[in-house]
Amino acid sequence: MSSGRYDISARKCGTHSTPSKSMYLETADAQKVVHCQVNARTARDRNMDSYTVKHHYPSPIVSWVEDLSSFGDVSFSHDPEYVDEQPRSSVGQSSTSSNLHDMQISARLTDEFMELAKENTSNNLETCGILGASFRDGTYFVTTLIIPKQEGTAHSCQAVNEEEIHAVLSEQSLYPAGWIHTHPSQTCFLSSIDLHTQYSYQVMLPEAVAIVVAPTDTTRSYGIFRLTDPGGMDVLRECGESGFHTHRETTDGSPIYEICSKVHFKPNLRFEIVDLRSVP
């Protein structure tokens, strides 16, 4: 494996562990299954404000703690429906998955991701990142943004060397909480390829999200989505197609994917960035 060791120190208080879980990631195009052993430690009392991080990419962005006076406690707002490529019935306005745990994300994460994606965005190339989360007190906290080695086009982005991603998640005992990617010149929606990618995350963790950042979309510059369950999950589970294609309607009449509820932007949540693109 070509990844280096990530020198991360964190002060922990009273953590306890649960048995490890085997995670599986099914890639959208090759239908390849990669085994990932993730230690599902809950880190119940992990101190979220004490991370110091060293990483390999020469970026000034390492971690953030926002000034509480600058932001409020923000929840993701349900903007008016905006759909491209998929039929209007493919996306819903709010989550029907009421049994899911809450998720908290730093209010700065999307901005810092866009800074890291700036060069690709200016060249009309998509960029993707993976969200790593800890779990405590019934809530997932997105504390790590991983930028993998990747290959991007104007309409797609594919992570490569996925074992490096799994190594970071395993070392830090994080759950794969979803992914984030850009639509440099498109609108804010999930394409058919995006739906398959989201399915691979949501099979591992029902709370996993897909964040789309679309800087040229004047109606909605970003969105946070999940597949509906069981409707959208069943459609993707049964779909064997690759590339851009259409999907059948759900059997229960629900949309294929929906805007997330129970996802909250927090101004005081520190997160770290691990950029693997320059790791030998």
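The rules we used
- Residues numbered from 1 in each chain as written.
- Predicted model: local features only at pLDDT ≥ 70, side-chain atom pairs only at ≥ 80, totals over all residues.
- Heavy atoms only, no water.
- Axes fitted to C-alpha atoms, helices over the stretch in contact; angles between N-to-C directions.
- Helix = DSSP H or I, 4+ residues; strand = E, 2+ residues; numbered from the N terminus.
- Parallel < 35°, antiparallel > 145°, perpendicular 65-115°, else oblique.
- Contact = heavy atoms within 4.5 Å.
- Salt bridge = Lys/Arg side-chain N within 4 Å of Asp/Glu carboxyl O.
- Buried < 20%, exposed > 50% of the residue type's maximum accessible area, 1.4 Å probe, protein only.
- Disulfide = S-S within 2.5 Å.

On to the packing of helix 4 (residues 192–204) against helix 5 (residues 231–238). As a packed pair, helix 4 and helix 5 sit with axes 10 Å apart at the nearest point and diverge in direction by 110°. Relative to helix 5, the element helix 4 lies roughly perpendicular. Along the contact surface, helix 4 presents Leu195, His196, Tyr199, Gln202 and Val203, while helix 5 presents Met233, Leu236 and Arg237.

What follows deals with the pattern of salt bridges. Evaluation of the coordinates by the stated rule reveals eight salt bridges. Among the salt bridges present, the one from glutamate 112 reaches arginine 108, with a minimum N-O distance of 2.4 Å. By relative accessible area, which is 4% here, glutamate 112 ends up buried. Close ionic contact of glutamate 238 with arginine 248 constitutes a salt bridge, the shortest N to O distance being 2.7 Å. In this pair, glutamate 238 is assigned in helix 5 and arginine 248 in the loop between helix 5 and strand 16 (257–259), connecting sequence segments ten residues apart. For glutamate 238, a relative accessible area of 58% corresponds to the exposed category. Under the relative-accessibility criterion, arginine 248 is labelled partly exposed at 35%. Linked by salt bridges that have partners in common, Arg108, Asp111 and Glu112 make up one network.

Moving on: unusual backbone geometry. Looking along the chain, the bond that leaves aspartate 229 and enters proline 230 is cis, with omega of 20°. Relative to the helices and strands, proline 230 resides in the loop between strand 15 (222–227) and helix 5. The phi dihedral of asparagine 124 is positive, around 60°, even though this residue is not glycine. Note on placement: asparagine 124 falls in the loop between helix 2 (118–122) and strand 9 (128–136). A positive phi is found at aspartate 137, a non-glycine position, where the angle reads about 50°.

A separate point is the state of the cysteines. Throughout the structure, instances matching the rule amount to zero disulfides. Just so you know, cysteine 157 is unpaired, no disulfide at all, and the nearest cysteine sulfur is the one on cysteine 128, 3.2 Å from it. Cysteine 157 gets classed as buried once you look at its relative accessible area, which sits at 18%.

Of all five residues in strand 18 (residues 271–275), five are buried, a share of seventy percent or more. Burial along strand 18 is two-sided: Phe271, Ile273 and Asp275 facing one way and Glu272 and Val274 facing the other are all buried.

Summarising burial for helix 3 (residues 162–171): seven of the ten residues are buried, a large majority. Of the positions making up helix 3, those classed as buried are Glu162, Glu164, Ile165, His166, Ala167, Val168 and Leu169. Positive phi appears at serine 173, one or two residues downstream of helix 3, with a value of about 55°.

Everything listed here is a matter of geometry and, on its own, says nothing about what the molecule does.
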